[in-house]
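Structural overview
Listed here are the chains, written in short residue letters.
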Amino acid sequence: MSTVTATPRRAGHDSSNMATTTPQTTRVATSHIIQSSPHYQTTRRHSLYGTEDRVVIDPGSRIWKVGFSGEGKPRDVLTAGDNGSSLWTLNRASKPAEREEEDKMLEARLQSRLRAVFHDSLMTDPKSRKVILVEHPLMPLHIKDIVARILFDNLQVPSISFASSHLLALLAAGRITGLVLDCGHLESTVLPIFSSRPLFPQLRTTPLAGMRLSSHIRALLLLFGTYIPPLTSLSGAANIPAATRSMRVPDEVLAGPVIEEIKTRCCFVGETLDLADSGATRVTSPSGDDSFEHDLPPSSDPASMSESDFSRVSASEMDSNYAASSGFSVVSRSQVHPDGPRPGETHLQALAEMYKRHSTATDLHMHIDPPRDQQAGTGKGTLIIPGWIRERGAEVLFEGGDVDESSMAEVILDSLLKVPVDLRKTLASTILVVGGTPMLPGFIPRLQAELVRAINSSAPTSTRPPSRPGRPRPAPYDRYAPLRPLLPYFAILNNPSPPPPTSASFVTNAGKAPAFTPATMAWVGGSLAGALKTGGVEVARERWDEADAQPEDEDDAMEGTADTAPSSRNVLPDWTRTPLPVGAPPAPRPQAAPIIVTPQTEVGA
Amino acid sequence: MAPSVDYYCPCLAASPHPPPPHLPSSSDSFHPLHNLFFCEECDAVRCNRCVMVEVSGYYCPNCLFEVPSASVRAEKNRCARNCFLCPNCRNTLSVVPSDPPNDGYDRMSPIVSTSLGEPPFFLYCNHCRWDSAQVDITFEKPTGLAAQLQKFEDSAPEALEFDRLKEHFEPFLRASSSSSAVTPSSSHHHSNPITAAASSALARDIPGVSKYNPLSRSRSGRDKSSHKADIPDYKARMEVGAAAGMGAGGGEADLEFMRHLETVAEVATVEQRWVNSWVSSLHTDDLKPLRIPLQSKKSKRCPSCRHILIKPEQKAQSVRYKIKLVAANYLPAISVSLPHARAALETMKRSLNRSAAQSEDQSPAAAALLAGKTYSFHISFTNPLYDPIQVRLKKAQAMPAPGTEGAGEKAKRPPFQVNLPSAAFPIAAFAEAWEYEDDEDMFGLDDDDDLDGLGRLQKDQRSKTRTVGVVEKRANVTVVAGEVILTKESRGNVKFNMLVSYTYRSDDPDPAEENAMGTPSRHASSKPPEMKNFSFYTVVDLGTIAPREETIHDTDM
């Protein structure tokens, strides 16, 4: 309604446009919503109720941030998964029955979390609070559906606004144009945004993220960490030196919460590895690595391969091998398997060798609970974390060269390659890094260095083993050649230690963002959007109920054929449901099916 | 694991029948009786997953001050008086004065004697000995600490930056909202980001070209969109690069600190840091005291009729309720036990006397359920009503779920069979007096056979395992026995859904009204009209079936 009234007024100002503008007010009313960018008059009228501060929920797969809009920090941050696991994964069971069961479990968990958010964390009445849901662009649709269903049906919130997390993070940095990397738990996603329009087709993603980092640290600790079990009795304490008690790390002590604590309290990201020493451009190709690469199908990722290998290895040698441990913190020497190194271990050993050379971090002693079957001892066991694991554990996120699992730098560059040429410079100079994993100290400066290196390295894909013995190597494929001229422009907005400007001719954006933490930026942006009375497409409860009241057979169809079937839920806006771009303005609508048509236009945001 | 009975609330499922209990998701639909509510209007069980929760009052759990809801919002749900939590151990902090300047006084009780302390007061943790002087927080007077800290919070960098961001975007939003109302007519199909970006990029980079306008026919619209792209760059109040230099956290300093870390404890846990939206120090030493979060008293309403189910008294000190419609007052309390487990324990004791070979950890194995055997179990019902009730039990058939699941369900035979007493049995009324009587007084007993049966059951378990029926009646408790026949290859938990229906006399007019409202309960046809029937589902979990081979091996030993 506001637009209808606004149009003639504006037309009055600009008389030259008046003739064209006025007759088309009806179309204006609909296309107004298409502009996902802040439109703000429609929500104004609700400020009368005194509850205009909306609830902002940033639901991650592991960590949720919740609070009220208009505040600078979230009221509460909570882990959503049970004891360190994530609430959902990107996998779904393929059988319908299993999937239904999975969804039920997820719904029950989500319901208790959401109820706890309103009743325990915020202690507010959900019926009087509109909700801004910070949504990741790749958040699975069925999860989004479940969340909306719980919010509307169980908690009866008046409306939900869906806002893209990347865009909100950019708002929190004071920008509406930029290239946003969100490095979360399940995956890292890069989304270019121009003038507050997310360019969803140019989105790039990689599974290298928090979860991969956790499993990598775990694998390294299992191989190279040292565990000292608690003394069985206090009387013998003085007699047994710690060195003889030290052993390999049992699998069970490295539970999810322990790994999480190591990751968040002990780990950081060191500087780029020195190229001259390693003799190769990439971390994945240390000298001993070639034979290993031949053993494997070329598509397999070294890191994940070694992990799975290791879990097999560890079980067999766990009991037999630690007897020979030579010392306290240098157990790693003795940990090579007696009957020849396994492929995975060779790789990890080679990695360890190189990492050790490039790390000066101190070893850490951490007290952890002993495994359950050894609980008879006194107190806690000690885990010795080698310094190089602390410093170089995160290397896994920067190891590139895999087509399916791009490194942090590569995923950014890949996205830039997809972006229209005109936007590349602008976007390259306004990179924003958000998410939980960039909270690692040193992550962002390292990413800046990696970006430069990835572009400078002549052939990023040379570590792949394509060359058969007889055939000459093909000319190296220079993937990022088109981006090389942009090199001086690359800047990360929230880089805490920005590189000194190379030349005075242009101003760099590096380090110019406000000092919000990367993890909370999306939430802060949501809060900001709420305070500005804007934020994504709003779905009111009436619309939801309306769509929900449609005949039941539609629901049955959805159960059978999963997501593809048109469900009554498509009142929820999502960019994946965007219709193909319309060239010409839509023809006047037939009166028959207004309900079907309206969601689609609205989805067009 | 002791056998247990949970009650069903149908709020999660679409159908009134409970899900098959072997599904892990079914556990979300079943609740212990003491967690459930009962709506008299709807005549239905309500659980904590479906009730509507309203806050009826806020209070501080430490000082028990009832905070008016108007100030709760401003205080960010935290106590605005003197209550603080230790940032390390979450213990409550106490206010202590500084040491007197001269050491002449006795130092016996520096704590709590806030009335006569030296002016710089600080917060002190009695558990981990943290004190707020470490982080330079001291107070001139020992009261109203939160108010004294308020000025720091108001000038928190994230709040200031947030306001600045808001001011930055507000004019832009106003402009764009007015322009977006006009431009679509003329330039909507041009204002896709790429075109706009192209034009503005051109305009910026090549000064001479800026005059050139490829979209000249939509001149006014393009001006708007280029204006949109060209909103002035936001100048942060404190840039992240600068913040790192000033030691606020992030940047090289953190890296160095992490590299030379000696103990894990130097770094604050992520839980202590993650609420901060502003870059903050990693050091444990820099953590600030936390104001204690308020608690709320909640009243709960039925989701369908909105009647209040439970409402606490307003006062923070009170633990009573004004309204309390809990299911325990309406539904019979059910507990289940396995007599063979008790018997096994006794034989175990006897055998222990004979030979000490049997170790303790085998007793649960002997008491466990073995595949291929038949067991008796006792279900005891306690009547909370002031009238006697008639209870009828029925094992719920595995409902073929809608869709594909039914087929898979039928293909797999149930691993066990359950026999329940089919006849209705009475439970005497609840009277306050029962609570004061001893267990020996068997008031409700009128059936000698059952008493005999009970005696024999206890004497000789094996001959009486087939007993299905009423075992014991006393006071408002009736115990019935059922049996479970395990097949040879059964595995997993013995869990089954049980439909409990009971008939009670409704003497007051209210229940008649309930019936008129079309509640799920129906009249039992054979009963006189004032008798009413209510039924509910439960899940009975008898425990895990022990793997057969192992237990045989055990008993052989």
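Residues numbered from 1 in each chain as written. Chains lettered and ligands numbered in written order. Predicted model: local features only at pLDDT ≥ 70, side-chain atom pairs only at ≥ 80, totals over all residues. Heavy atoms only, no water.

As annotated in an unreviewed UniProt entry, chain B is Dynactin subunit 4 from Rhodofomes roseus. In its Sequence similarities (unreviewed entry) section, the UniProt record describing chain B reads: "Belongs to the dynactin subunit 4 family." (UniProt positions renumbered as here; feature names shortened; annotations may be inferred.)

If you look chain A up in an unreviewed UniProt entry, it shows as Actin-domain-containing protein from Rhodofomes roseus. Turning to chain A, the UniProt record has this under Sequence similarities (unreviewed entry): "Belongs to the actin family."

Helix and strand counts for chain B stand at 14 helices and 23 strands. In chain B, which comprises 557 residues, the proportion classed as buried is 46%. The long-range share in chain B, meaning contacts at least 24 apart out of those at least 6 apart in sequence, stands at 72%. For chain B, the exposed area adds up to about 28,900 Å²; of that, 53% sits on carbon and sulfur atoms. (Helix = DSSP H or I, 4+ residues; strand = E, 2+ residues; numbered from the N terminus. Buried < 20%, exposed > 50% of the residue type's maximum accessible area, 1.4 Å probe, protein only. Contact = heavy atoms within 4.5 Å. Areas by Shrake-Rupley, 256 points an atom, 1.4 Å probe, with all protein chains shown as cover.)

What follows concerns the confidence of the model for chain B. Caution is warranted with low-pLDDT regions, since their predicted coordinates should not be read in detail. Of the residues in chain B, 67% have a pLDDT of 70 or more, and the chain-wide mean is 72. Both scores are given for the predicted complex: the pTM is 0.76, the ipTM 0.77. (pLDDT = per-residue confidence, 0-100.)

Residue and element names in this part refer to chain A. The antiparallel open sheet is built from 3 strands, whose spatial order is E10-E12-E11. Single-partner strands in this sheet number two, and they are strand E10 (226–228) and strand E11 (364–368). With strand direction ignored, the average angle separating the axes of adjacent strands in the sheet is 25 degrees. In this structure, E11 lies alongside strand E12 (residues 381–385), joined through 5 bridges in antiparallel fashion. Bridging from a neighbouring strand, leucine 364 pairs with isoleucine 385 of E12. (Pairing = 2+ DSSP bridges. Axes fitted to C-alpha atoms, helices over the stretch in contact; angles between N-to-C directions.)

Glancing now at the pattern of salt bridges. For the structure shown, the criterion picks out 35 salt bridges over all chains. For A:Arg479, the salt bridge goes to A:Asp414, with nearest N and O atoms at 3.3 Å. Taken together, the residues span a long stretch of sequence, with A:Arg479 in the loop between helix H17 (443–456) and helix H18 (521–531) and A:Asp414 in helix H15 (residues 408–418) at a distance of 65 residues. Across the pair B:Arg320 and B:Glu313 runs a salt bridge, and its minimum N-O distance is 3.8 Å. Note on B:Glu313: relative accessible area 22%, which makes it partly exposed. In this structure, a network of salt bridges that share partners links the residues A:Glu271, A:Glu391, A:Arg392, A:Glu395, A:Arg446, A:Glu450, A:Arg453, B:Glu256 and B:Arg259. (Salt bridge = Lys/Arg side-chain N within 4 Å of Asp/Glu carboxyl O.)

Next up on the list: the side chain of B:Thr284. All names here are of chain B. Mapped onto the fold, threonine 284 is located in the loop between helix H8 (270–273) and strand E10 (290–291). Of the residues examined, threonine 284 reaches a relative accessible area of 12% and is grouped as buried. There is a polar contact of 3.2 Å between the side chain of threonine 284 and the backbone nitrogen of alanine 268. In this structure, threonine 284 is in contact with Asn88, Ala265, Glu266, Val267 and Ala268, ignoring residues within four places of it in sequence. (Polar contact = N/O pair within 3.5 Å; in protein donor to acceptor, adjacent residues only side chain to side chain.)

All names here are of chain A. Look at helix H6 (residues 165–172) against H18: their axes get within 7 Å of each other, and the N-to-C directions meet at 80 degrees. Classified by the interaxial angle, the pair formed by H6 and H18 is roughly perpendicular. Contact residues: Ser165, Leu168, Ala169, Leu171 and Ala172 in H6; Met521, Ala522, Val524, Gly525, Gly526, Leu528 and Ala529 in H18. Per-class residue counts for the contact of H6 with H18 are 9 nonpolar, 3 polar and no charged. (Parallel < 35°, antiparallel > 145°, perpendicular 65-115°, else oblique. Nonpolar A, V, L, I, M, F, W, Y, C, P; charged D, E, K, R; others polar.)

Judged by nonpolar contacts, the single largest core of 77 residues is most densely connected at A:Ile262, A:Phe443, A:Leu447 and A:Phe490. Sorting elements by how many residues they give to this core places helix H7 (residues 210–224) of chain A first, with 7 residues. Non-local contacts of A:Phe443, meaning those with residues more than four positions away in its chain, are made with A:Cys183, A:Val269, A:Leu397, A:Phe398, A:Met408, A:Val433, A:Thr437 and A:Pro438. In this structure, B:Cys50, B:Ala368, B:Val480 and B:Val540 belong to the second largest nonpolar core, which totals 60 residues. (Core = buried A, V, L, I, M, F, W, Y, C linked by side-chain atoms within 4.5 Å.)

Residue and element names in this part refer to chain A. Spatially, the 6 strands line up as an open sheet ordered E3-E2-E1-E4-E5-E14, and their pairing is mixed. Where the open sheet ends on each side, the last strands, each with one partner, are strand E3 (76–79) and strand E14 (537–540). This sheet shows a mean twist of 20 degrees between the axes of neighbouring strands, independent of strand direction. Sheet topology note: the strand E1 (residues 55–59)/strand E2 (residues 63–68) ladder contains 5 bridges and is antiparallel.

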